[in-house]
Number of protein chains: 2
Amino acid sequence: MAPATALTGDKDSELGELADIVGFHIRLAHVAVYRHFTETFCDLDLTQKQVSVLWLVDDHPGISQIAVGQRLQMDRATTMTIVNRLQERGYLRRERSTSDARKQALYLTTEGRAALATAKGCIGEHEAWLKSRFTPDEVKKLVEMLARIHD
Amino acid sequence: MAPATALTGDKDSELGELADIVGFHIRLAHVAVYRHFTETFCDLDLTQKQVSVLWLVDDHPGISQIAVGQRLQMDRATTMTIVNRLQERGYLRRERSTSDARKQALYLTTEGRAALATAKGCIGEHEAWLKSRFTPDEVKKLVEMLARIHD
DNA sequence: CCTAATTGTTAGTGGAGCATACAATCGGGC
DNA sequence: GCCCGATTGTATGCTCCACTAACAATTAGG
């Protein structure tokens, strides 16, 4: 091997041993997806997490904060800050649950539903960009393997 | 469907439509990996990024900051903060490159090499935890697909 | 030689994750 | 029915990561 700095950037992936680490590739893939997401969503000013929360609340009206956190792998404090932000922007509202007064029931506002609808359109493009790298079978396999990691 | 809150958390993945979004699974998998990483690395007090940088510098002594950033998908500012931290902790040092005075050449210190060696051991466990979900063929396929995303 | 591009640096902003502590509420055992 | 532990939400404060914008030094090319 060349002693040092034989890497004037002609190839893009001079990763060395690091290329064998699965977790490393997951992190890089996540960063790449995150970057593309924010680029295609600059006009909406919503993050992945925020859209996920809106989506989940839309699918499960009256869901509690803790349940949102569990499904999205966030602790209570993190969920709080995101819900706070979305509430400040008028996208969702809290109501104390009638069945369990400890819980907050979350609902989308009309504005929240509108924002989510727009976001879903953008996510369509985003997903197309992502899926263009794979056959439908590969997509299925990839999702299944990723689910094995986060479940 | 039940009108609201039929979700008392008996199943873990009541994700609804969200389950069809590839980017969403990547994010969840990343969070799960990140969490496990930090748990097994609490004694070392190094983050994934920091270890990646140490590893990369070890593989490519004299590498420039910009090259590190390119390979790890970070911009210059982010690379700066990480290199600063590692330098403050005495794990690497900067030298102005002789061939191009704009560049900083990065080298690990003895302490940095020791820290990296320890980190690699922990990463071994971490990777084993991750790979235990898959056959060797699946690991290969997964890495290959992730690389298609971040390249 | 002058201009444009590259690299590093600084400063500031915001999102996200985590730990801790506290209050309100619920549930089960007695 | 009452107390105690568990659950849920809330507030505070910290760290890390990613980004932008500006600026200085250096290099490369016309």
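That block above? That's the structure.
Let me begin by describing the structure that accompanies this report. Note that the structure is a prediction, hence the values are computed from the model and not measured. (Residues numbered from 1 in each chain as written. Chains lettered and ligands numbered in written order. Predicted model: local features only at pLDDT ≥ 70, side-chain atom pairs only at ≥ 80, totals over all residues. Heavy atoms only, no water.)

## Some remarks on the side chain of Arg 94 of chain B
Residues and elements named next belong to chain B.
(1) Moving on: Position of Arg 94 among the secondary structure elements: in strand β1 (residues 92-96).
(2) Moving on: Despite its burial, Arg 94 pairs with no opposite charge, the nearest such side chain being Glu 88 at 7.7 Å.
(3) Moving on: Side-chain polar atoms of Arg 94 contact the side chain of Gln 65, separated by 2.8 Å.
(4) Moving on: Looking at Arg 94, its side chain comes within polar contact range of the side chain of Asn 84, at 3.1 Å.
(5) Moving on: When residues no more than four places from it in sequence are discounted, the contact partners of Arg 94 are Gln 65, Met 80, Val 83, Asn 84, Gln 87, Gln 104, Ala 105 and Leu 106. (Helix = DSSP H or I, 4+ residues; strand = E, 2+ residues; numbered from the N terminus. Buried < 20%, exposed > 50% of the residue type's maximum accessible area, 1.4 Å probe, protein only. Lys, Arg positive; Asp, Glu negative; His and termini not counted. Salt bridge = Lys/Arg side-chain N within 4 Å of Asp/Glu carboxyl O. Polar contact = N/O pair within 3.5 Å; in protein donor to acceptor, adjacent residues only side chain to side chain. Contact = heavy atoms within 4.5 Å.)

## Focus on the protein's contact with DNA strand D
(1) Moving on: By nearness alone, 23 residues border DNA strand D, and Gln 65, Ile 66, Arg 76 and Gln 104 of chain A together with Thr 47 of chain B come closest of all.
(2) Moving on: Of everything in DNA strand D that lies within 4 Å of the protein, sugar and phosphate atoms constitute 66%.
(3) Moving on: At 2.8 Å, a side-chain N or O of Gln 65 of chain A approaches a phosphate oxygen of DNA strand D.
(4) Moving on: For DNA strand D, a base nitrogen lies 2.6 Å from a polar atom in the side chain of Arg 76 of chain A.
(5) Moving on: Among the elements of the structure, α1 (22-40), α3 (65-72) and α4 (76-88) of chain A together with α4 (76-88) of chain B are those that each provide at least two residues to the surface near DNA strand D.
(6) Moving on: When the residues that make up the surface near DNA strand D are grouped by side-chain class, the tally is seven nonpolar, five polar and 11 charged. (Near = heavy atom within 4 Å. Nonpolar A, V, L, I, M, F, W, Y, C, P; charged D, E, K, R; others polar.)

The values are spatial; any link to function lies outside them.
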